[in-house]
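# Observations on the three-dimensional arrangement
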Amino acid sequence: MEAPVIAIVVPCYNEQQALPLCIGQLKQTLNDLIVSGHISPRSFILCCDDGSTDDTWETIKTYHASDSSIKGLSLTANRGHQNVLYAGLMYVAGRCDAAISIDADLQDDPRAIGTMVEKFKAGADIVYGVRKDRKSDSWFKRFSAKRYYALRRHLGLDSIPDHADCRLMSRRAIEYLSEYGEHNLFLRGIVAQLGLSADTVVYDRRPRLAGKSKYTIGRMLGLSIDGITSFSSRPLRLILLTGVMLLLLDIAMSIYVFISYFGHDVIPGWTSIMLSVWFLGSIMLIGLGVLGEYIGKIYVEVKQRPRYQIKETLND
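### Details of helix α3 (residues 81–92)
Between its first and last C-alpha, α3 extends 17 Å over twelve residues, near the 16 Å set by a 1.5 Å rise per residue. Those residues of α3 not exposed but buried are His 81, Gln 82, Asn 83, Val 84, Leu 85, Tyr 86, Ala 87, Gly 88, Leu 89, Tyr 91 and Val 92.

The structure is reproduced here in structure tokens:
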């Protein structure tokens, strides 16, 4: 294979503190690969601004003015990490042989990019960046991540454990991705379903370069729920099975109640009644919540609203 054109896609949201360090390290990595002949001199970095409220876009414009290999794309409003990453991938489609996505905080090691390129040149259409371990995470994050991946496997979903959104995708993989028209994007799940040849690169997770993480517990929980409800209807079946189990339990309780009644051994119990009411009420609310998740997704999909709008690009 001739030296491929590589696009490094960097989603950004309020990253004005991290961007100078991020662009510096990515540019150095890009130059090293160009000098060694591994990639084409036409390779570039695309910084995608997700409607930031700080000077992220101005910082991108400043770097582009001094180096045309640093390009930019700005959305009109904050549309979320998955949408801005998708926008960047669609923008570079046709402009490169492969695209590598990496967050601006560079917790994913840029040194893995060279290995990703080697595996791509060896024939892999997708190369996943996988963290070596979770020693740097809190006990809660390690426990919840392990349980989440176990739940996805139980639901029959394709997943790459300890992989976020740092990956290489060939031009063909990006074209396949563009055929997915759903608005509830969960790229980790979609990419795993493309069925193309894939490989992995393992690296140590690094501390954030600068600034604060934008992934709060609420956002991580929302992404986790999207990852399940976007690819599996099994939670709905679990509601049905839970209902059947409760029905069997109710039948057993009814037999016990009638035996106690006719045996004149009935002792009114406020506690047991209240526990039953609260238990059944909780099950019903959980069921309604799961149904609501699916109905909400249907509501968003049928509207067919655009995922994002591009406000400005820097591509000269």
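More follows now that the structure is in view.
### Some points on the nonpolar core
Ranked by internal contacts, the top residues of the largest apolar core, which has 33 residues, are Ile 8, Val 10, Leu 26 and Cys 47. Those elements that place two or more of their residues in this core are β1 (6–12), α1 (19–35), β2 (44–49), α2 (56–66), β4 (98–101), α4 (112–121), β6 (163–170) and β7 (198–203). Considering every element that reaches this core, the biggest residue donor is α1, with six residues. For Cys 47, the contacting residues outside a window of four places in its chain are Val 10, Cys 12, Leu 19, Ile 23, Trp 57, Ile 60, Ile 70, Lys 71, Gly 72 and Leu 73. Of all hydrophobic cores here, the second largest spans 31 residues; its members include Leu 73, Ala 87, Ile 190 and Val 191.

### Comments concerning the packing of aromatic side chains
Using the criterion set out here, one finds zero aromatic pairs in the structure. Lying over the aromatic face of Tyr 91, Arg 95 brings its terminal NZ or CZ to 4.2 Å of the ring centre. Its guanidinium or amino end placed over the ring of Tyr 86, Arg 307 lies 4.4 Å from that ring's centre, counting from NZ or CZ.

### Things to note about the packing of α1 against α2
Their axes nearest at 11 Å, the elements α1 and α2 cross at an angle of 35°. Relative to α2, the crossing made by α1 is right-handed. Here α1 contributes Leu 19, Pro 20 and Ile 23 to the contact with α2, which in turn contributes Thr 56, Thr 59, Ile 60 and Tyr 63. Here the residues of the contact of α1 with α2 sort into five nonpolar, two polar and no charged.

### Looking at the packing of α3 against helix α6 (residues 171–178)
Packed helix pairs are specified by the crossing angle of their axes together with the interaxial distance, meaning the distance between the axes. Put simply, α3 and α6 touch, their axes get as near as 10 Å, and they point 125° apart. If you check the angle between α3 and α6, you find them oblique. When the axes of α3 and α6 are compared, the crossing they make is left-handed. Two secondary-structure elements touch here, α3 through Tyr 86, Leu 89 and Met 90 and α6 through Ile 174, Leu 177 and Ser 178. Of the residues assigned to the contact of α3 with α6, the class counts are five nonpolar, one polar and no charged.

### Let's talk about the pairing of β6
Across the eight residues of β6, seven count as buried, placing the element largely inside the fold. Pairing of β4 with β6, which is carried by four bridges, proceeds in the antiparallel orientation. The residue of β6 that forms the bridge with Ala 98 is Ser 170. Here strand β5 (residues 126–131) runs beside β6; their pairing, made up of four bridges, is antiparallel.

Conventions and cut-offs
Residues numbered from 1 in each chain as written. Predicted model: local features only at pLDDT ≥ 70, side-chain atom pairs only at ≥ 80, totals over all residues. Heavy atoms only, no water. Helix = DSSP H or I, 4+ residues; strand = E, 2+ residues; numbered from the N terminus. Expected span 1.5 Å × (residues − 1). Buried < 20%, exposed > 50% of the residue type's maximum accessible area, 1.4 Å probe, protein only. Core = buried A, V, L, I, M, F, W, Y, C linked by side-chain atoms within 4.5 Å. Contact = heavy atoms within 4.5 Å. Phe/Tyr/Trp six-rings, centres within 6.5 Å; stacked < 30°, edge-to-face > 60°. Lys NZ or Arg CZ within 6 Å of the ring centre and 35° of its normal. Axes fitted to C-alpha atoms, helices over the stretch in contact; angles between N-to-C directions. Left-handed = near helix turned anticlockwise from the far one by under 90°. Nonpolar A, V, L, I, M, F, W, Y, C, P; charged D, E, K, R; others polar. Parallel < 35°, antiparallel > 145°, perpendicular 65-115°, else oblique. Pairing = 2+ DSSP bridges.

Geometric descriptors of this kind do not, in isolation, establish any biological role.
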